[in-house]
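Close look at the chain arrangement
Single-letter residue listing:
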Amino acid sequence: MLDRTTVLADTARILDIDVDELDPSASLVDQGLDSVRLMALVEQWRSAGVEVDFVDLASAPDLEQWIALLSRG
């Protein structure tokens, strides 16, 4: 389980932008996310013990949906 702050911080870091630059309701693809960066996030979160699926995140590439998915415990 991840909280909103962690999801935002990790996503901003992988996109090499400030958290304030993220638009949680916009497509992350439009914000620079590609499959390589998404896989890096998935591996990071899995290493932290979070059960996360690449396909689930890729199917809904916006932060609001990710936060809802990742904060379920």
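What you see is a predicted model; the values in this text were computed from it and never measured.

A separate point is the nonpolar core. Among the nonpolar cores identified, the biggest contains 20 residues, and Trp45, Leu63, Trp66 and Leu70 are the most heavily contacted of them. Mapped onto this core, the elements with two or more residues apiece are helix 1 (4-15), helix 2 (35-47) and helix 4 (63-70). Looking at which element gives the most residues to this core, the answer is helix 1, with five residues. Discounting chain neighbours no more than four positions away, the residues touching Trp66 are Thr11, Leu28, Leu33, Leu38, Leu41, Trp45, Leu57, Ala60 and Pro61.

Attention now moves to the packing of helix 1 against helix 4. At a minimum axis distance of 10 Å, the contact between helix 1 and helix 4 shows a crossing angle of 130°. Put simply, helix 1 runs oblique to helix 4. Crossing hand, helix 1 versus helix 4: right-handed. Between helix 1, through Arg4, Val7, Leu8 and Thr11, and helix 4, the contact on the second element is made entirely by Leu63, Glu64, Trp66, Ile67 and Leu70. Split by residue class, the contact of helix 1 with helix 4 holds six nonpolar, one polar and two charged.

Here the structure, examined in full by the defined rule, presents one aromatic pair. Judged by centre distance (6.0 Å) and plane angle (90°), the ring pair of Trp45 and Trp66 falls under edge-to-face. Of this pair, Trp45 sits in helix 2 while Trp66 sits in helix 4; the two residues are 21 residues apart in sequence, bridging distant segments of the chain. The exposure class assigned to Trp45 is buried, which follows from its relative accessible area of 1%. Of the residues examined, Trp66 reaches a relative accessible area of 1% and is grouped as buried.

Rules and cut-offs
- All chains use their own residue numbering, which begins from 1 and follows the written sequence.
- Reporting in this predicted model follows two pLDDT cut-offs: at least 70 for local features of residues, and 80 or more for side-chain atom pairs to be given and counted; totals over whole chains, interfaces and linings ignore these cut-offs and use all residues.
- Side-chain calculation: all heavy atoms of the structure are included, whereas hydrogens and water are not.
- To define a nonpolar core, start from buried Ala, Val, Leu, Ile, Met, Phe, Trp, Tyr and Cys residues and group those joined through side-chain atoms within 4.5 Å.
- Buried, partly exposed and exposed residues are distinguished by accessible area as a fraction of the type maximum, computed with a 1.4 Å probe on protein chains only: under 20%, between the cut-offs, and over 50%, respectively.
- Numbering of helices and strands runs from the N terminus; a helix is a DSSP stretch of H or I covering at least four residues, while a strand is a stretch of E covering at least two.
- Contact between two residues is taken to exist if any of their heavy atoms lie within 4.5 Å; hydrogens are not considered.
- Interaxial angles span 0 to 180 degrees and are taken between N-to-C directions of axes, which are lines fitted to C-alpha atoms, for helices over the stretch in contact.
- Small angles under 35 degrees read as roughly parallel and large ones over 145 as roughly antiparallel, with 65 to 115 read as roughly perpendicular and the rest as oblique.
- The sense of a crossing depends on the near helix, which, turned anticlockwise from the far helix by less than a right angle, makes the crossing left-handed and, turned clockwise, makes it right-handed.
- Residue type decides the class: Asp, Glu, Lys and Arg count as charged, Ala, Val, Leu, Ile, Met, Phe, Trp, Tyr, Cys and Pro as nonpolar, and the leftover types, Gly among them, as polar.
- Any Phe, Tyr or Trp ring, taking Trp's six-membered ring, that has another such ring centre within 6.5 Å forms a pair; planes under 30 degrees apart are called stacked, those over 60 apart edge-to-face, and the others tilted.

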